[in-house]
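Residues per chain, in single letters:
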Amino acid sequence: MQNIAIAIHGGAGTITPASMTPELEEAYKQALLHALEQGYQVLEKGGSALDAVEIAVVLLEDSPLFNAGRGSVFTKEGKHEMDAAIMCGKTMEAGAVAGVRSIRNPVRLTRAIMEHSDHVFLSGYGAEEFARKYKIDFAPEEYFYDKHRYQQWREVRDTDLFILDHSKERKFGTVGAVARDANGDLAAATSTGGMTNKNYNRIGDSPLIGSGTYANNKTCAISCTGHGEFFIRAVVAYDISCLIEYKGYTLQEACDEVVMDKLVKFGGEGGLIAVDSKGNLALPFNSEGMYRAHRSGGQKGRVSIYKD
């Protein structure tokens with residue numbers, strides 16, 4: 001159990017103490033810690049990395065604090081469109097969804113796609129039909145309603161503007177998890193509600209294998225959070241894996257190269273969580289903060305929000 005490890009995130013961006021009340025900060029920390037500990041318990045009991053990242057992301061999707069699942073933001077139409085992905089580092093199999101509207105936990109649907117279909121990526125109505133076939137839970141529209149998210153949308157709904165997760169905080173709203181289990185297998189999962197007032201069924205990097213989500217037992221598992229368009233163009237998650245596989249970089253070196261140098265020059269803001277084949281963790285971000293938590297074998301869990 002020495003090399004089991006898990007990390008989770010709940011979004012990155014301009015997150016500062018000035019933008020947070022003590023009560024809200026504590027609520028974020030408790031939600032992150034709960035998801036972290038539940039995922040870690042799976043690993044501690046000999047469970048798979050896939051099961052660990054799935055349950056961690058499910059719990060973050062269930063919290064209205066994060067822009068995924070229940071806390072998803074409103075689109076231009078006043079609806080919710082959710083994207084998610086999951087990937088197994090052992091088999092290199094993956095499942096992804098985009099633009100689903102009534103799925104309680106989109107990450108559950110991605111796992112079903114990975115395990116019960118010949119496809120990787122489903123979207124919209126077809127993804128929801130697949131969900132019904134495999135008895136994935138749906139939720140009514142009011143389940144996804146949040147007064148704060150609704151007010152954000154009302155402020156911009158009659159404009160062509162789209163805003164990130166929090167209008168005052170400039171936060172990139174995504175949740176994710178990466179893990180290494182006792183067998184040495186890696187997994188990654190990511191889920192998001194997108195951008196407030198987004199139009200034209202816009203899709204970000206979260207469900208795109210190699211951009212926002214990636215796992216390969218030979219190298220690492222990655223889940224990203226940031227301005228999706230830049231992460232897509234830079235193919236961030238796969239780029240880190242390539243630096244490890246082909247250039248011999250350590251996990252931290254590869255993450256720093258991509259997040260702190262390449263993305264910055266590219267104009268991309270955000271961060272990611274990563275674990276490598278040895279159980280090393282990295283949680284780099286080039287923004288002011290990132291909701292994050294991690295725990296490795298034999299150590300206590302740690303939750304952070306701001307720059308250390």
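Residues numbered from 1 in each chain as written. Predicted model: local features only at pLDDT ≥ 70, side-chain atom pairs only at ≥ 80, totals over all residues. Heavy atoms only, no water.

## Topic: helix H1 (residues 22–44)
Because an α-helix packs 3.6 residues into every turn, residues spaced three or four apart end up facing the same way.
And step 1. For H1, with 23 residues, the first-to-last C-alpha span of 32 Å sits near the 33 Å given by 1.5 Å per residue.
And step 2. Residues of H1 that are buried: Glu25, Tyr28, Ala31, Leu32, Ala35, Leu36, Gly39, Tyr40 and Leu43.
And step 3. Positioned one or two residues after H1, Gly46 has a phi angle of 90°, which is positive. (Helix = DSSP H or I, 4+ residues; strand = E, 2+ residues; numbered from the N terminus. Expected span 1.5 Å × (residues − 1). Buried < 20%, exposed > 50% of the residue type's maximum accessible area, 1.4 Å probe, protein only.)

## Some thoughts on unusual backbone geometry
And step 1. The phi dihedral of Lys135 falls on the positive side, at around 55°, and the residue is not glycine.
And step 2. Structurally, the position occupied by Lys135 is in the loop between helix H4 (124–133) and helix H5 (147–156).
And step 3. Note on Lys135: relative accessible area 71%, which makes it exposed.
And step 4. Phi angles above zero are rare outside glycine, and Val235 is one such case at about 45°.
And step 5. Considering the arrangement of structural elements, one finds Val235 in the loop between helix H6 (228–234) and helix H7 (236–247).
And step 6. A residue is classified by how much of its surface remains accessible, and Val235, at 34% relative accessible area, is partly exposed.

## Details of the pattern of salt bridges
And step 1. Taken as a whole, this structure holds ten salt bridges when the rule is applied.
And step 2. Across the pair Lys262 and Asp239 runs a salt bridge whose closest N-O atoms are separated by 2.7 Å. With Lys262 in helix H8 (residues 251–266) and Asp239 in helix H7, the pair connects residues that are 23 residues apart, well separated along the chain.
And step 3. The partly exposed category is assigned to Lys262, whose relative accessible area is 32%.
And step 4. Salt-bridge contacts for Asp261 lead to Lys265; the nearest nitrogen and oxygen are separated by 3.2 Å. (Salt bridge = Lys/Arg side-chain N within 4 Å of Asp/Glu carboxyl O.)

## Re the packing of helix H2 (residues 49–62) against helix H3 (residues 106–116)
And step 1. Interaxial distance between H2 and H3 falls to 8 Å at its minimum, and their mutual angle equals 150°. Classified by the interaxial angle, the pair formed by H2 and H3 is roughly antiparallel. Here Leu50, Asp51, Glu54, Ile55, Val57, Val58 and Glu61 of H2 lie close against H3, whose contacting residues are Pro106, Val107, Arg108, Arg111 and Met114.
And step 2. Here the contact of H2 with H3 is composed, by residue class, of seven nonpolar, no polar and five charged. (Axes fitted to C-alpha atoms, helices over the stretch in contact; angles between N-to-C directions. Parallel < 35°, antiparallel > 145°, perpendicular 65-115°, else oblique. Contact = heavy atoms within 4.5 Å. Nonpolar A, V, L, I, M, F, W, Y, C, P; charged D, E, K, R; others polar.)

## Here's the deal with the packing of aromatic side chains
And step 1. Taken as a whole and judged by the stated rule, the model has six aromatic pairs.
And step 2. Their ring planes at 85° and their centres at 6.2 Å tell us that Phe66 and Tyr291 sit as a pair that is edge-to-face. Separated by 225 residues along the polypeptide, Phe66 in the loop between H2 and strand E2 (82–88) and Tyr291 in strand E12 (residues 289–296) bring together distant segments of the chain.
And step 3. Here Tyr214 and Tyr238 contribute two aromatic rings whose centre-to-centre distance is 5.4 Å and whose plane-to-plane angle is 75°, an arrangement assigned as edge-to-face. You can see Tyr214 sitting in strand E8 (residues 213–215) and its partner Tyr238 sitting in helix H7, a full 24 residues away along the chain.
And step 4. Using a relative accessible area of 7% as the deciding quantity, one classes Tyr214 as buried.
And step 5. Within the aromatic cluster, the residues linked to one another by ring pairs are Tyr28, Phe66 and Tyr291. (Phe/Tyr/Trp six-rings, centres within 6.5 Å; stacked < 30°, edge-to-face > 60°.)

## Brief notes about the environment of Ser211
And step 1. Here Ser211 shows up in the loop between strand E7 (186–192) and E8.
And step 2. Ser211 gets classed as buried once you look at its relative accessible area, which sits at 6%.
And step 3. Taking the C-alpha atoms as reference points, Ser211 and Val236, separated by 25 residues in sequence, lie 5.1 Å from one another.
And step 4. Ser211 has contacts with Asp205, Cys224, Phe231, Ile232, Val235, Val236 and Ala237, leaving out every residue within four places of it along the chain.

## Regarding the side chain of Arg295
And step 1. Among the structural elements, Arg295 can be located in strand E12.
And step 2. In this structure the side chain of Arg295 is engaged in a polar contact, spanning 2.7 Å, whose partner is the side chain of Glu37.
And step 3. At 2.8 Å, the side chain of Arg295 and the backbone oxygen of Gln299 are in polar contact.
And step 4. Residues in contact with Arg295, not counting those within four places in the same chain, are Ile4, Ala5, Ile6, Leu36, Glu37, Tyr40, Leu281, Lys300 and Gly301. (Polar contact = N/O pair within 3.5 Å; in protein donor to acceptor, adjacent residues only side chain to side chain.)

## Considerations on the nonpolar core
And step 1. The biggest cluster of nonpolar side chains holds 37 residues, and the ones touching the most others in it are Ile222, Val236, Ile240 and Leu272.
And step 2. Once residues within four sequence positions are removed from consideration, Val236 is found in contact with Gly210, Ser211, Cys224, Phe231, Val258, Leu263 and Leu272. (Core = buried A, V, L, I, M, F, W, Y, C linked by side-chain atoms within 4.5 Å.)

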